[in-house]
Amino acid sequence: PTPRNMGGASSNLRSMLSEESSRVRGARLDGEPAGLRLSEMLKFQVPDEFVGDVVIPHPATLWVLDKDKDGLFSDQDIHAFADGMGRYTHGLIREEWRDMLVGKCYMSLHDDVLRPKRDELMGDSSSSEEEEIAEIDANRNRRLDRA
């Protein structure tokens, strides 16, 4: 049976994802976090019914998968990804999932990393908004004085 969406990560899906994490997880030293390393995450296989829908090795997918951006992929990260993608794919045509999911992940990466922040666009982030407005006004007045 084809699932309607990725699924609000049902307990069955969560169990399958956790089992796959255990399968690819290498040995850990005492006290070392249990989250998957990148090399392990790249071996991670999505459940059979989602093969072809989710592109794990895509950099943008990996960015979104590492929810807390600690460089590890915990079960919580993977479950949160499944929950979010389940909500996102709800109502989409199944054949569109792959492209839509990669696109959504890429836009998250873009928004978090690649898009300049307001303070980068406006100059020194240590100045207040009033100082920035005063500087813009002063620059405008200089241009008007030259004209």
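In this text the structure is predicted, and so the values were computed from the model without any measurement.

Q: Help me out: how do you make sense of helix 4 (residues 75–89) in this one?
A: Think of an α-helix as 3.6 residues a turn; residues three or four steps apart then line up on the same face. With 15 residues, helix 4 extends 21 Å from end C-alpha to end C-alpha; this agrees with the ideal 21 Å at 1.5 Å per step. For helix 4, the set of buried residues is Asp77, Ile78, His79, Phe81, Ala82, Asp83, Gly84, Met85, Gly86 and Thr89. Where helix 4 is buried, its residues contact helix 1 (11–24), helix 2 (38–41), helix 3 (59–65) and helix 5 (97–114). Looking one or two residues past helix 4, Gly91 carries a phi angle of roughly 90°, positive in sign.

Q: Explanation requested: a nonpolar patch on the surface in the structure shown.
A: There is a patch of nonpolar side chains on the surface, built from Tyr106, Met107, Val113 and Leu114 and spanning about 370 Å² of accessible area. Within the secondary structure, Val113 is located in helix 5.

Q: What is the right way to read unusual backbone geometry from this model?
A: A negative phi angle characterises most non-glycine residues, just as the trans form characterises most peptide bonds. For Lys69, which is not glycine, the phi torsion reads 55° and is therefore positive. Here Lys69 shows up in the loop between helix 3 and helix 4. Among the residues examined, Lys69 registers a relative accessible area of 37% and is labelled partly exposed.

Q: In this structure, what is going on with the nonpolar core? I would like to understand it.
A: Across soluble globular proteins, you tend to see nonpolar side chains buried next to one another. Core analysis: the largest hydrophobic core is formed by 23 residues, its most contacted members being Leu36, Met41, Phe44, Ile56, Leu65, Ile78 and Phe81. For this core, the secondary-structure elements that each account for two or more residues are helix 1, helix 3, helix 4 and helix 5. Apart from residues no more than four positions distant in its own chain, Met41 is found in contact with Leu36, Ile56, Leu62, Leu65, Phe73 and Ile78.

Q: Sorry, what's going on with the packing of helix 1 against helix 4 here?
A: Geometry of a packed helix pair, given as the angle between the helix axes and the separation of the axes. At a minimum axis distance of 10 Å, the contact between helix 1 and helix 4 shows a crossing angle of 140°. Of the possible angle classes, the one that applies to helix 1 and helix 4 is oblique. When you trace helix 1 past helix 4, the crossing you get is right-handed. Where helix 1 abuts helix 4, its residues Leu13, Arg14, Leu17, Ser18 and Ser21 lie against Asp75, Ile78, His79, Ala82 and Asp83. Each residue belonging to the contact of helix 1 with helix 4 can be placed in one class, and the counts come to 4 nonpolar, 3 polar and 3 charged.

Q: Looking at this structure, I do not really get the layout of surface pockets. What am I missing?
A: Where empty space is left becomes clear once a probe the size of a water molecule has been rolled over the atoms. The computed volume of the largest pocket comes to approximately 150 Å³. As for the largest pocket, its lining consists of Leu42, Phe44, Gln45, Val46, Val51, Gly52, Val54, Val55, Ile56, Pro57 and Arg98. Of the residues in the lining of the largest pocket, the class split is 8 nonpolar, 2 polar and 1 charged.

What counts and what doesn't
Every chain's residues receive numbers from 1 upward, in the order its sequence appears when written. Only residues with pLDDT of at least 70 are given local features in this predicted model, and only at 80 or more are side-chain atom pairs given and counted; all residues enter the totals for whole chains, interfaces and linings. Excluding hydrogens and water, the side-chain figures rest on all heavy atoms present in the structure. What counts as a helix is a DSSP run of H or I of at least four residues, what counts as a strand is a run of E of at least two, and both are numbered from the N terminus. Every helix has an expected span of 1.5 Å times one less than the residues it contains. For each residue, the accessible area found with a 1.4 Å probe, counting protein chains only, is set against the maximum for its type, and the residue is called buried under 20%, exposed over 50%, and partly exposed in between. Working rule for contacts: check all heavy atoms of both residues, and any pair within 4.5 Å makes them a contact. A residue counts toward a patch only above 30% relative accessible area and without a salt bridge, and it is joined to like-charged neighbours within 9 Å or, for Val, Leu, Ile, Met, Phe, Trp and Tyr, to nonpolar neighbours within 5 Å. For accessible areas, the Shrake-Rupley method is used with a probe of radius 1.4 Å. Any residue's cover is judged against the shown protein chains and nothing else. Salt bridge criterion: a side-chain nitrogen from Lys or Arg within 4 Å of a carboxyl oxygen from Asp or Glu. For the purposes of this section, nonpolar cores are sets of buried Ala, Val, Leu, Ile, Met, Phe, Trp, Tyr and Cys residues that join through side-chain atoms within 4.5 Å. To get an axis, fit a line to the C-alpha atoms, keeping to the stretch in contact for a helix; angles then go from 0 to 180 degrees between the N-to-C directions. Any angle between 65 and 115 degrees counts as roughly perpendicular, while under 35 counts as roughly parallel, over 145 as roughly antiparallel, and the rest as oblique. With the far helix as reference, a near helix turned anticlockwise by less than a right angle produces a left-handed crossing, and one turned clockwise produces a right-handed crossing. Put simply, Ala, Val, Leu, Ile, Met, Phe, Trp, Tyr, Cys and Pro go in the nonpolar bin, Asp, Glu, Lys and Arg in the charged bin, and everything else, Gly too, in the polar bin. Here a cavity denotes a set of grid points, spaced 1 Å apart and computed over the protein atoms alone, in which a 1.4 Å probe fits but from which it cannot get out, and a pocket denotes an open set meeting protein on both sides within 12 Å along at least five of seven lines; residues with an atom within 4 Å of a point are reported as lining. Grid points are joined across faces, edges and corners, and a volume is the space filled by probe spheres set on the points.

None of the figures reported here should be taken as evidence of function without further support.
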